[in-house]
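Structural overview
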2 protein chains.
Amino acid sequence: MKKLINDPADVVREELLGIAAAHPDLVSVHFDPNYVVRADAPVKGKVALVSGGGSGHEPMHGGFVGVGMLDAACPGEVFTSPTPDQMQAASKAVDGGVGVVHIVKNYTGDIMNFDMAAELCRAEGAEVEAVIVDDDVAVQDSLYTAGRRGVGTTVLMEKIAGAAAQEGRSLKEVADVCREVNAGGRSMGMALTSCTVPAAGKPTFELGEDEMEIGIGIHGEPGRERMKLKPVHDIVEMMATAVVEDFPLKKGDRVLAFVNGMGGTPMIELYVVFNELQRFLSGRGIEITRNLIGSYITSLDMAGCSITLLKLNDDFVRLWDAPVKTAGLRWGV
Amino acid sequence: MKKLINDPADVVREELLGIAAAHPDLVSVHFDPNYVVRADAPVKGKVALVSGGGSGHEPMHGGFVGVGMLDAACPGEVFTSPTPDQMQAASKAVDGGVGVVHIVKNYTGDIMNFDMAAELCRAEGAEVEAVIVDDDVAVQDSLYTAGRRGVGTTVLMEKIAGAAAQEGRSLKEVADVCREVNAGGRSMGMALTSCTVPAAGKPTFELGEDEMEIGIGIHGEPGRERMKLKPVHDIVEMMATAVVEDFPLKKGDRVLAFVNGMGGTPMIELYVVFNELQRFLSGRGIEITRNLIGSYITSLDMAGCSITLLKLNDDFVRLWDAPVKTAGLRWGV
């Protein structure tokens, strides 16, 4: 295993220390239980957004805490759900008195623990709404998941709902925006290589030198098909076809196209992927109105990419364009 | 070779098509000769900043074209200098009538071609000043370089000098800021894995499963020493010691600390590196006043990192904080 780490058991704590040292203007990091909150939390009168999940997907979620996006993130150990006490403590720390939305990716552990955390919060008088992200069209049920997995749409939801909360919408309205984003988002990923979990010390799965896996999950869960490596044109066509036909999107639809690197993929390749995606969509009369290209929801050091399409309406476009100030996404401020 | 590409010969062109499709609000991309310019170029009365170099280091340089940073970038083929005609055409396209600064990383091909381009521009009546970046403390002379290589400080120079140009400083003043940044910046890199040049199809060098290379260049050029993999604490100590003692920095100095991923390194590891660097510098009484953490000057898919320290003064801090709007760096707008 080749990683820039010390003891594998300390990776998450040392990462959080790094985030705390790097971004004191944006966030405060709390330990035992671990969570990251907006530096100015709680914001009175604003609906608070809390997300979380296993570590190893950076910058998600800790890198999305800040003005106009998340109020708090709860990092679990690598690829392991955070615990209810983290979620409860984080929710309490950011509750501005008008409710908290939990953004939960559809993995069995996350669902169970966020459920429990919501109950704990409610028992203390807080208003909590939970919303589920399950946008991965690759497979129905998977390792760690019943139903579809939650992947790239999470990033878009955190940005768009974060803007909705920032402009003062109510708990129900913010949760509804989340549900609408989930309904309008579809993703699919692929891997050129496995990832290696630090504590495991060896690759999660094996891929031959000329193989790739289409439909991979963000923890290296099996996808749709393992096949011979193909030109990126064919890869994008396979993935984009699956995504577009799942909606289905039609001529004239506007989308936000998100090309995401899995952690071990350089930008040069992501722009080549985006070029293919743009050609594919334009051939079907689908317009890319907004885009996001980079490594925002990763799987440790996995090489590969995912494609997320979010069907846009005017509200989504406006909320996407609204100012955001986080370590991972920043514009307008 | 596992990459998200089509024909290796088309990677740069297809990447540029991707950039053009993604960022029409920020840049215009020209082909034959290839260059990327600010969407609103030329900006009358503003000193223009032009850089360039081989492709494969994305987001540098094309991702740094925009308001408050570069006016133009000239991408060569992968790890190959751009040609004088690219540089000349780009300089002409962005010349706002008060001169052009060429930011040149210290590699033999780049130096020679930018030299020739400057002569061509001057022959047409343009004012051109060239500044060299040679901040890599790892080795004196190297493959492709006489003297020190130009690495991470380039990114900081492009941001800081870009802000100086944006606020209306003269050609000489902007070039002086570049020279001051180069004088105040030092870097060192390391690799966990090789990179693979698409046209070569195989790794540039071989590293054993338990080996790393300290002092690596951004094209996989040999560094100081190949050694057994160590904990990140030791890696950062080796690199930061070399950088700090080269200045030398002393107690009370303020720095911008830039932890850079080489292309195949995930954010989780870069934050662990930053944590170590922060502890190291704090132990010597050196204050990190600003920081930048992410993959900004890469070596294709190489796993590894580099550390750049820029000794700060008040002018640098103010210019660093000034608004910037590019695909790769954005804040304040």
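Residues numbered from 1 in each chain as written. Chains lettered and ligands numbered in written order. Predicted model: local features only at pLDDT ≥ 70, side-chain atom pairs only at ≥ 80, totals over all residues. Heavy atoms only, no water.

What follows is about the pairing of strand β2 (residues 35–38) of chain B. Residues and elements named next belong to chain B. With four bridges connecting them, strand β1 (residues 27–30) and β2 associate as antiparallel partners. When the bridges of β2 are listed, histidine 30 appears paired with tyrosine 35. Hairpin connection, β1 to β2: the antiparallel pair is bridged by four residues, and aspartate 32 has positive phi, about 50°. The sheet contact formed by β2 and strand β4 (residues 72–78) spans two bridges and is antiparallel. Each bridged residue has a counterpart across the sheet, and for valine 36 the counterpart in β4 is alanine 73. (Pairing = 2+ DSSP bridges. Helix = DSSP H or I, 4+ residues; strand = E, 2+ residues; numbered from the N terminus.)

Attention shifts here to the sheet that holds strand β7 (residues 185–191) of chain A. All names here are of chain A. Taking strand neighbours across the sheet as the criterion, the six strands line up as β9-β8-β7-β12-β10-β11 in an open arrangement whose pairing is mixed. With one partner strand each, in any of the chains shown, β9 (225–228) and β11 (287–294) form the two edges of the open sheet. Averaged over all pairs of adjacent strands, the angle between their axes in this sheet comes to 20°, without regard to strand direction. In the sheet, β7 pairs with strand β12 (residues 304–311) via seven bridges, with the strands oriented antiparallel. Bridge pairing links alanine 191 to glycine 304 in β12. (Axes fitted to C-alpha atoms, helices over the stretch in contact; angles between N-to-C directions.)

This part covers the relation of the copies chain A and chain B. For the pair chain A and chain B, the relating rotation is 180°, the translation along its axis is 0.0 Å, and the fit reaches an RMSD of 0.0 Å. Such a combination of turn and shift is consistent with a two-fold rotation axis. Scanning chain A for the C-alpha nearest the rotation axis identifies Gly264(A), at a separation of 2.0 Å. When the interface residues of chain A are mapped onto chain B, 100% of them are again interface residues, pointing to one common binding face. (Least-squares fit on C-alpha atoms with pLDDT ≥ 70 in both. Contact = heavy atoms within 4.5 Å.)

Take the sheet that holds strand β9 (residues 225–228) of chain B next. The strands making up a sheet associate through hydrogen bonds between their backbones, and the pairing can be parallel or antiparallel. Residues and elements named next belong to chain B. Taken in spatial order, the six strands make up an open sheet running β9-β8-β7-β12-β10-β11, and their pairing is mixed. Edge positions in the sheet fall to β9 and β11 (287–294), since each of these pairs with one other strand and no more. On average, adjacent strands in this sheet sit at an angle of 20° to one another, irrespective of strand direction. Taken together, the two bridges between strand β7 (residues 185–191) and strand β8 (residues 211–214) define a ladder with antiparallel strand orientation. Within β8, the position partnered with alanine 191 by the bridge is glutamate 213. Contacting β10 (254–261), β11 and β12 (304–311), helix α8 (residues 314–321) crosses the sheet at an angle of about 35° to β11.

Moving on, we come to the pattern of salt bridges. Note that side chains of opposite charge can pair when their charged atoms are close. Residues and elements named next belong to chain A. The full count for this structure, using the stated rule, is 46 salt bridges over all chains. A salt bridge links arginine 38 to aspartate 40; the nearest nitrogen and oxygen atoms lie 2.8 Å apart. Taking the relative accessible area as the measure of exposure, arginine 38 reaches 3% and is therefore buried. Put simply, glutamate 245 and arginine 284 hold a salt bridge, and the shortest N to O gap is 3.6 Å. Within this pair, whereas glutamate 245 is found in helix α6 (residues 232–246), its partner arginine 284 is found in the loop between α7 (267–283) and β11, the two being separated by 39 residues in sequence. Among the residues examined, glutamate 245 registers a relative accessible area of 49% and is labelled partly exposed. Residue class for arginine 284 comes out partly exposed when judged on its relative accessible area of 33%. Each member of the salt-bridge network shares a partner with another, and the members are Glu129, Lys172, Asp176 and Arg179. (Salt bridge = Lys/Arg side-chain N within 4 Å of Asp/Glu carboxyl O. Buried < 20%, exposed > 50% of the residue type's maximum accessible area, 1.4 Å probe, protein only.)

Right, let's get into the domain arrangement of chain A. All names here are of chain A. Here the domain parsing of chain A yields domain 1 (11–183) and domain 2 (185–324). Each of domain 1 and domain 2 has a C-alpha centre, and the two are 22 Å apart. At the junction of the two partners, domain 1 supplies 41 residues and domain 2 supplies 38 residues. Counting the surface lost from both domain 1 and domain 2, the interface buries some 3200 Å², and carbon and sulfur atoms represent 65% of this. Per-residue buried area on domain 1 facing domain 2 is highest for Phe79, Val137 and Leu156; these three make up 19% of the total on that side. If you look at where domain 1 meets domain 2, you find three salt bridges. Arginine 169 is the partner of aspartate 315 in a salt bridge, and the nearest nitrogen-oxygen pair spans 2.8 Å. Across the contact surface, domain 1 and domain 2 share 20 residue pairs in polar contact (both at pLDDT 80 or more). (Domains from an automatic or database assignment. Buried area = accessible area lost by both parts, 1.4 Å probe. Polar contact = N/O pair within 3.5 Å; in protein donor to acceptor, adjacent residues only side chain to side chain.)

Moving on: the interface of chain A and chain B. Across the boundary between the two partners, chain A contributes 56 residues, which contact 56 residues of chain B. Summing both sides of the interface, chain A and chain B together bury roughly 4400 Å²; the carbon and sulfur share of this comes to 64%. Per-residue buried area on chain A facing chain B is highest for Lys2(A), Leu4(A) and Ile268(A); these three make up 21% of the total on that side. The interface formed by chain A and chain B contains zero salt bridges. Where chain A touches chain B, the interface holds 22 residue pairs in polar contact (both at pLDDT 80 or more). When residues of the side of chain A that touches chain B are traced back to their parent elements, those giving at least two are α1 (11–22), α6, α7, β11, β12 and β14 (330–331) of chain A.

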